[in-house]
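# Commentary on secondary and tertiary structure
Okay, here's what each chain looks like letter by letter:
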Amino acid sequence: MIRAFLAVVILMSACLLTPARAQDAAAPFDGDLQRLAEILGALHYLRGICGSNEGAKWRNEMQALIDAETPSGDRRARMIAGFNRGYNGFQQTYRTCTPAATVAIRRYIEEGSKISRDLTARYAN
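The rules behind the values
- Residues numbered from 1 in each chain as written.
- Predicted model: local features only at pLDDT ≥ 70, side-chain atom pairs only at ≥ 80, totals over all residues.
- Heavy atoms only, no water.
- Helix = DSSP H or I, 4+ residues; strand = E, 2+ residues; numbered from the N terminus.
- Buried < 20%, exposed > 50% of the residue type's maximum accessible area, 1.4 Å probe, protein only.
- Contact = heavy atoms within 4.5 Å.
- Areas by Shrake-Rupley, 256 points an atom, 1.4 Å probe, with all protein chains shown as cover.
- Salt bridge = Lys/Arg side-chain N within 4 Å of Asp/Glu carboxyl O.
- Axes fitted to C-alpha atoms, helices over the stretch in contact; angles between N-to-C directions.
- Parallel < 35°, antiparallel > 145°, perpendicular 65-115°, else oblique.
- Left-handed = near helix turned anticlockwise from the far one by under 90°.
- Disulfide = S-S within 2.5 Å.

## Focus: the overall build of the protein
A tally of regular secondary structure across the protein gives five helices and zero strands. Each helix and strand of the protein, ordered N terminal to C terminal, gives the series α-α-α-α-α. Taking all 125 residues of the protein together, 27% fall into the buried category. Long-range pairs, those at least 24 residues apart, make up 77% of the contacts in the protein with a sequence separation of at least 6. On the protein, roughly 8500 Å² of surface is accessible, and the fraction owed to carbon and sulfur atoms is 57%.

## Re the pattern of salt bridges
Taken as a whole and judged by the stated rule, the model has ten salt bridges. R47 is the salt-bridge partner of E54, the closest N and O atoms lying 2.8 Å from each other. Judged by relative accessible area, R47 falls into the partly exposed class, the value being 24%. When salt bridges with common partners are traced through the structure, they connect D30, E69, R75 and R78 into a single cluster.

## Examining unusual backbone geometry
Here N53, not a glycine, exhibits a phi torsion of approximately 55 degrees, which is positive. Here N53 is to be found in the loop between α2 (30-49) and α3 (57-69). For N53, a relative accessible area of 76% corresponds to the exposed category. Of note in the backbone geometry, T70 takes a positive phi value of approximately 45 degrees without being a glycine.

## Focus on the packing of α2 against helix α5 (residues 99-123)
Working note: a packed helix pair is described by the angle between its axes plus the distance between those axes. Contact geometry of α2 with α5 gives a least axis separation of 9 Å together with a crossing angle of 150 degrees. Our classification of the angle between α2 and α5 gives roughly antiparallel. Seen from above, α2 lies across α5 with left-handed handedness. Mapping the contact onto sequence places D32, L33, R35, L36, I39, A42, L43, L46 and R47 in α2 and A101, A104, I105, Y108, I109, E111, G112, I115, S116, L119 and R122 in α5.

## Description of the side chain of H44
Tracing the backbone shows H44 in helix α2. Setting aside chain neighbours within four positions, we find H44 in contact with G55, A56, W58, R59, F83 and Y87.

## A word on the state of the cysteines
As enumerated under the stated definition, the model contains one disulfide in all. Residue pairing for C50: its cysteine sulfur links by disulfide to C97, the two sulfurs lying 2.0 Å apart. Across the S-S bond of C50 and C97 the torsion is about 90 degrees, and the bridge reads as right-handed. Of this pair, C50 sits in the loop between α2 and α3 while C97 sits in the loop between α4 (73-93) and α5, placing them 47 residues apart in sequence. Residue C50 is classed as partly exposed on the basis of its relative accessible area of 25%. You can call C97 partly exposed: its relative accessible area is 34%.

That's the geometry; what it means functionally is another story.
What follows is the structure, encoded as structure tokens:
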């Protein structure tokens, strides 16, 4: 009985003393992914108020990005927070489509395309 108890204690100690695996270590391109998520959030809001009739296109693009990257924990939370930050930032500023909103849409599409191309060129297998 004591041997079994001792074996359990040793096993538990080994588990507790084993260094924790980095559950969600940052990738070198996480900053770019967060910026892309923020752009997708901004586009989701801006395209909606500018009458694009795209529905959930930009939210679906964000979901596809999450599905492709499969982040968990903090990385996933940061990506989602970026999307929400982009959406909420413009929601607080624009109530209707304006010429400035149209310019922002164009610039964000260009920036998002550039980030996508750069990430693909740099990190695609």
